[in-house]
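# Architecture at a glance
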Amino acid sequence: MKQIESIKEFGGYLNRYEHDSSTCHCKMTFSVYLPPQATTEKVPALYWLSGLTCSDDNARTKAGMQRYAAEQGIALIFPDTSPRGDDVPDAAERYDLGKGAGFYVNATQMPWEKNYQMYDYITQELPALVEKEFAVIPNVKSISGHSMGGHGALICALKNPQAYQSVSAFSPICNPVECGWGKGCFGSYLGKDVDDTSTWQNYDATLLVKDGAKVNDILIDQGTGDEFYDEAQLLPENFQAACDQVGQPLTLRMQEDYDHSYHFIASFIGDHIAYHAKALKK
């Protein structure tokens, strides 16, 4: 692991690193915000998964969450959204497939399967590295994210309910098997045959909930002025219906006129940090 940047913020440090990933078989980049409390004690961690076209850089520069993390004494972990490098497959003509669009699944299809193992990277390799190298409490972590990253946060928590103290999301892709983004990526990464599509449900939060996956609570903020909500890419109502059907606690807050951008996230990120802090400090 190599540190490539360090910036002091709110009494702590926002650091950026690169390392050779044994899961994604390439060099991966991630950022960590360590609050001032981490100089004297280990702190809990919140993982933030970003959306399509993003990297680790978007949230750490636009969301404004470091201020709240410093107040609460929480480390922030910002992974990248896909493998990177000249040898990593890409779909250069598309923004919603390939680099910047890993969708937090373990790809099974060529040419993606060697590198695009983002689910294992997020849930296994990166936490193990973070807990070894930084002043964070082992196995005390929560997860959140935006859009494609909101989808990632939901499935990681639902598939690993003992691993995360809490989960939240902004504008998540809630039912990817039913939307254009999800069908396009799942078809490419996981396959389009009948046997392949039957595995899609393992990465769909709505179907996971219907199949019995459950966590203590879920917080979602969705803007009513979100263009991708209007285009039926996000489908939060489908997720709400599934949660209601099986008794999964969910707070879905429809925020009037807010869009899909980091302006929206910055407006409510303080609520989400407080929500996670409450769970992480129990």
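Heads up: these notes are all about the structure in this document. Being a predicted model, the structure only gives us computed values, none of them experimental.

Pairing in this open sheet of three strands is parallel, and the strands run β7-β8-β9 from one edge to the other. Strands at the two margins of the open sheet, each flanked by one partner only, are β7 (168-170) and β9 (251-255). Strand-to-strand twist in this sheet, taken as the mean axis angle between neighbours without regard to direction, amounts to 15°.

This part covers the pattern of salt bridges. Applying the stated criterion to the full structure yields eight salt bridges. Notably, a salt bridge pairs R60 with D57, separated by 2.7 Å at the nearest N-O pair. Of this pair, R60 and D57 are both found in helix α1 (residues 56-62), three residues apart, which corresponds to roughly one turn of the helix. On the basis of relative accessibility, which here comes to 27%, the residue D57 falls in the partly exposed class. Linking R253 and D221 is a salt bridge whose minimum nitrogen-to-oxygen distance equals 2.7 Å. Of this pair, R253 sits in strand β9 while D221 is found in strand β8 (residues 219-223), placing the two residues 32 residues apart along the sequence. The partly exposed category is assigned to R253, whose relative accessible area is 25%.

Pairs of packed helices are described in terms of their axes, by the angle between the two and the distance that separates them. Contact geometry of helix α2 (residues 65-72) with helix α10 (residues 262-280) gives a least axis separation of 9 Å together with a crossing angle of 30°. The angle between α2 and α10 places the two elements in the roughly parallel class. Crossing handedness for the pair α2 and α10: right-handed. Contacts between α2 and α10 involve M65, Y68, A69 and Q72 from the former and I269, G270, I273, A274 and A277 from the latter. The class makeup of the residues in the contact of α2 with α10 is seven nonpolar, two polar and no charged.

Another point: the nonpolar core. Among the nonpolar cores identified, the biggest contains 70 residues, and F30, F103, I143, Y189 and F239 are the most heavily contacted of them. If we ignore the near neighbours within four places in the chain, the residues touching Y189 are L97, G98, A101, G102, F103, V105, A107, T108, Q109, W112 and Y116. Within the second largest apolar cluster, 22 residues are counted, among which are L14, V140, F264 and I273.

Thresholds, definitions, all that
- Residues numbered from 1 in each chain as written.
- Predicted model: local features only at pLDDT ≥ 70, side-chain atom pairs only at ≥ 80, totals over all residues.
- Heavy atoms only, no water.
- Pairing = 2+ DSSP bridges.
- Helix = DSSP H or I, 4+ residues; strand = E, 2+ residues; numbered from the N terminus.
- Axes fitted to C-alpha atoms, helices over the stretch in contact; angles between N-to-C directions.
- Salt bridge = Lys/Arg side-chain N within 4 Å of Asp/Glu carboxyl O.
- Buried < 20%, exposed > 50% of the residue type's maximum accessible area, 1.4 Å probe, protein only.
- Parallel < 35°, antiparallel > 145°, perpendicular 65-115°, else oblique.
- Left-handed = near helix turned anticlockwise from the far one by under 90°.
- Contact = heavy atoms within 4.5 Å.
- Nonpolar A, V, L, I, M, F, W, Y, C, P; charged D, E, K, R; others polar.
- Core = buried A, V, L, I, M, F, W, Y, C linked by side-chain atoms within 4.5 Å.

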